[in-house]
Amino acid sequence: MSCELLIDSGNTRIKWALSALPHAGQFGWLASGSCARDDVGSLPKTWRDAVRRLAGEVGGNGEPKLPVAAWISNVAGPQSETTLRRCVTALGVAETRVHVIRSRARQCGLSNLYPQPAQLGSDRWAAAIYARHAYLERPLLVATLGTATTLDRINPEGEFLGGLILPGLLAMLGSLGQSTAGLPDLRAVLDGGAQDKDTQPRAAEDGLPCSLFGAPREGGAAVQTRGAGMLANALRAARSGHGGHTQAAILGGCVLAQAGAVQRAWDALLEEHELGTLAPGGAHALRLRHLVDVPQGPLCVLAGGAASAVEGLLDMPLARHDNLVLSGLRLIAQEHGG
């Protein structure tokens, strides 16, 4: 079975997938995974092992078929691109079949209205391409909550209008921990790392993820449980407007800031399409017409590691996607011809 390798190289993690050729109509992967940026050197072996497993699953007795091409979105800088190219060619993919995408003026039915299209991050471009493909002729807000939070707009005519960029949830937490003498840095607990001595252990609640950004590194199940419990407390603080202790106040405030940015971008989308108006006094709440009566109504496409912490606070129609960039890369490869 022939396949191609898709790689989403972000600032924190590298996600990848093996996609079957010829392209099928659905976007399931033959195999997929992710690793921290520091573990990039392990990827060639990981990919070889995945290819061997696939060969065994389809009953092949010959040599496993390596990917015939690789498609990469990289926003982590030139050194990361060089390293990824080296990893892919070490797998056996010809250098000429390693494609690092750049944002264009038009691709896969989406127009980029940036005056200089190449300035748009390739991850935002690939994510927008798939969002447009999945939800044709609808006003879209593409909200990706990762290392940075990006809030991008696509109109029903298939034009990428631009968007907003703000620090992601972990970056907000880090800024408080590093810039203030009396507040703890809670990033490690949420990211599956070591405990902070000032953090009170609590049971996991509300089905929240134990780690927002990747697999736990240290501390085992106890740290994961505590991180989930902290997030549950943070959501309660965000909903009520107050936290019962310092950690809940920090997390609740940062989660609410993320949700508030998404909600305000959504409100602006509705105003522009005349589906709602700001309440008197400029309050964020909107008096909305019935969106169920609007054909091809607006939609928020939500992605990123912190999406689980925020989506319960959002008042809008949501479509959750965990692999927007990889799915966009597959569409780009399909248009190119593999």
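In this report, we go over the structure that sits alongside the text. (Residues numbered from 1 in each chain as written. Predicted model: local features only at pLDDT ≥ 70, side-chain atom pairs only at ≥ 80, totals over all residues. Heavy atoms only, no water.)

Another aspect to go through is the environment of Ile-7. Within the secondary structure, Ile-7 is located in strand S1 (residues 3-9). On the basis of relative accessible area, Ile-7 is assigned to the buried category, the value being 0%. As for Ile-7 and Ser-73, which are separated by 66 residues in sequence, their C-alpha atoms are 6.2 Å apart. Among residues more than four places away in sequence, those in contact with Ile-7 are Ile-14, Lys-15, Trp-16, Trp-47, Trp-71, Ile-72, Ser-73, Leu-84, Val-88, Leu-326 and Leu-329. (Helix = DSSP H or I, 4+ residues; strand = E, 2+ residues; numbered from the N terminus. Buried < 20%, exposed > 50% of the residue type's maximum accessible area, 1.4 Å probe, protein only. Contact = heavy atoms within 4.5 Å.)

This brings us to the sheet that holds strand S3 (residues 31-36). Spatially, the five strands line up as an open sheet ordered S3-S2-S1-S4-S5, and their pairing is mixed. Two strands in the sheet have a free side with no partner beyond their single neighbour: S3 and strand S5 (98-100). Mean inter-strand twist for the sheet, computed between neighbouring axes without regard to direction, equals 15 degrees. (Pairing = 2+ DSSP bridges. Axes fitted to C-alpha atoms, helices over the stretch in contact; angles between N-to-C directions.)

Tracing the backbone through its elements, the reader meets Leu-169 in helix H4 (residues 169-179). The buried category is assigned to Leu-169, whose relative accessible area is 1%. Between the C-alpha atom of Leu-169 and that of Ala-307, which follows or precedes it by 138 residues, the distance is 9.8 Å.

Turning to the nonpolar core, a few remarks are in order. Leu-141, Leu-151 and Val-262 are the most contacted members of the largest nonpolar core, which has 35 residues in total. Where this core is concerned, the elements lending two or more residues are strand S8 (140-145), H4, helix H6 (220-240), helix H7 (246-272), strand S13 (299-303) and helix H8 (307-310). For this core, the element with the most residues is H7, which contributes eleven residues. Contact partners of Leu-151, with chain neighbours within four places excluded, come to Leu-141, Val-142, Ala-143, Gly-162, Gly-163, Leu-164, Leu-166, Ala-261, Val-262 and Ala-265. Counting residues in each nonpolar core, the second largest holds 31 residues, with Trp-125, Tyr-130, Val-301 and Leu-324 among its members. (Core = buried A, V, L, I, M, F, W, Y, C linked by side-chain atoms within 4.5 Å.)

In this section: the pairing of strand S10 (residues 159-167). When strand S7 (residues 110-112) meets S10, the two strands line up parallel, connected through two bridges. Each residue of the ladder has a partner; that of Ser-111, found in S10, is Glu-159. Where strand S9 (residues 148-154) and S10 come together, seven bridges link them in antiparallel fashion. When the sheet's bridge partners are listed, Asp-152 is paired in S10 with Gly-163. Connecting S9 to the antiparallel partner S10 that follows it, the hairpin turn spans four residues, and Gly-158 within it adopts a positive phi of roughly 85 degrees.

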